[in-house]
Amino acid sequence: KLFIINAGWVFRSLWSMISLWVDPVTKEKFHILGGNYQEELLKYIDADQLPSVIRGKLFIINAGWVFRSLWSMISLWVDPVTKEKFHILGGNYQEELLKYIDADQLP
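As a starting point, this report considers the structure included with it. Worth saying up front: this structure is predicted, and the values here are computed from it rather than measured.

Calculation criteria
- Residues numbered from 1 in each chain as written.
- Predicted model: local features only at pLDDT ≥ 70, side-chain atom pairs only at ≥ 80, totals over all residues.
- Heavy atoms only, no water.
- Helix = DSSP H or I, 4+ residues; strand = E, 2+ residues; numbered from the N terminus.
- 1 Å grid on protein atoms, 1.4 Å probe; cavity = no way out; pocket = protein on both sides within 12 Å on 5 of 7 lines; lining within 4 Å.
- Points joined across faces, edges and corners; volume = space filled by probe spheres on them.
- Nonpolar A, V, L, I, M, F, W, Y, C, P; charged D, E, K, R; others polar.
- Buried < 20%, exposed > 50% of the residue type's maximum accessible area, 1.4 Å probe, protein only.
- Arc of directions from axis to C-beta.
- Contact = heavy atoms within 4.5 Å.
- Salt bridge = Lys/Arg side-chain N within 4 Å of Asp/Glu carboxyl O.
- Core = buried A, V, L, I, M, F, W, Y, C linked by side-chain atoms within 4.5 Å.
- Phe/Tyr/Trp six-rings, centres within 6.5 Å; stacked < 30°, edge-to-face > 60°.

Moving on, we come to the environment of Ser-75. Of note, Ser-75 is situated in the loop between α4 (65-74) and α5 (80-85). Through-space distance from the C-alpha of Ser-75 to that of Pro-24 is 23 Å; in sequence the pair is 51 residues apart.

The structure is reproduced here in structure tokens:
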């Protein structure tokens, strides 16, 4: 599952339009949540497993051209700090991923 929290109304609106073209099985994995995300997030993750501040990077691997195209449009409305955390990687992702993750950490 992928949780996007504190998503603004523009992002949530765009997702509601874009998700019409997303496969239902894939769509089920995405949870786009606004500022009141805690209750929904706690349905899937125990409270003691959540950090006090959520940080990190998001890698979307084997992203198809449709997703990459949609991201290029959506990312126009994403703040720069959040945008830096997203890494959308295509089918040849191994070399790019190794810039961020040590090879011994990969399966």
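Turning our attention to the layout of surface pockets. The calculated volume of the second largest pocket comes to roughly 510 Å³. If you trace the second largest pocket, you find 26 residues lining it, with Leu-2, Thr-26, Phe-30, Ile-60 and Phe-67 closest to the centre. Contributions of two or more residues to the lining of the second largest pocket are made by β1 (2-4), α1 (9-18), β2 (30-32), β3 (58-60) and α4. No other element matches the five residues that α4 contributes to the lining of the second largest pocket. Of the residues assigned to the lining of the second largest pocket, the class counts are 20 nonpolar, three polar and three charged.

On to α4, then. When α4 is considered as a whole, its buried residues turn out to be Leu-70, Trp-71 and Ile-74. Down the axis of α4, the buried side of the element spans an arc of 105°, and every buried residue falls inside it. Residues of α4 that are buried in the fold lie against α1, α5 and β4 (86-88).

The general pattern is negative phi for most residues beyond glycine and trans for most peptide bonds. The phi dihedral of Asn-6 falls on the positive side, at around 60°, and the residue is not glycine. With respect to the element layout, Asn-6 can be found in the loop between β1 and α1.

Now for the environment of Pro-80. With respect to the secondary-structure elements, Pro-80 resides in helix α5. For the pair formed by Pro-80 and Ala-103, sequence separation is 23 residues and the distance between their alpha carbons is 28 Å.

This brings us to the pattern of salt bridges. What the rule picks out here adds up to one salt bridge. Its salt-bridge partner being Glu-40, residue Lys-43 comes within 3.0 Å of it at the nearest N-O pair. Since its relative accessible area comes to 57%, Lys-43 is described here as exposed. Its relative accessible area of 22% is what places Glu-40 among the partly exposed residues.

Judged by nonpolar contacts, the single largest core of 15 residues is most densely connected at Ile-4, Phe-11, Trp-15, Ile-18, Ile-32 and Ile-74. Secondary-structure elements contributing two or more residues to this core are β1, α1, β2 and α4. Sort the elements by how many residues they give to this core and α1 lands first, with four residues. When neighbours within four sequence positions are excluded, Phe-11 is seen to be in contact with Ile-4, Ile-32, Ile-74 and Val-78.

Here His-31 lies in strand β2. Once you skip the residues sitting within four places of it in the chain, His-31 turns out to touch Lys-1, Leu-2, Phe-3, Ile-4, Glu-40 and Tyr-44.

Quick look at the packing of aromatic side chains now. For any pair of aromatic rings, the description consists of the separation of the ring centres together with the inter-plane angle of the planes. One pass over the full model with this rule turns up three aromatic pairs. Arranged with centres 4.9 Å apart and planes meeting at 25°, the rings of Trp-15 and Phe-30 form a pair that is stacked. Residue Trp-15 is located in helix α1, and its partner Phe-30 is located in strand β2; the two are separated by 15 residues in the primary sequence. You can call Trp-15 buried: its relative accessible area is 15%. When the centroid spacing of 4.6 Å and the interplanar angle of 15° are considered together, the rings of Trp-71 and Phe-86 count as stacked. Taken together, the residues Trp-71 in helix α4 and Phe-86 in strand β4 connect sequence positions 15 residues apart.

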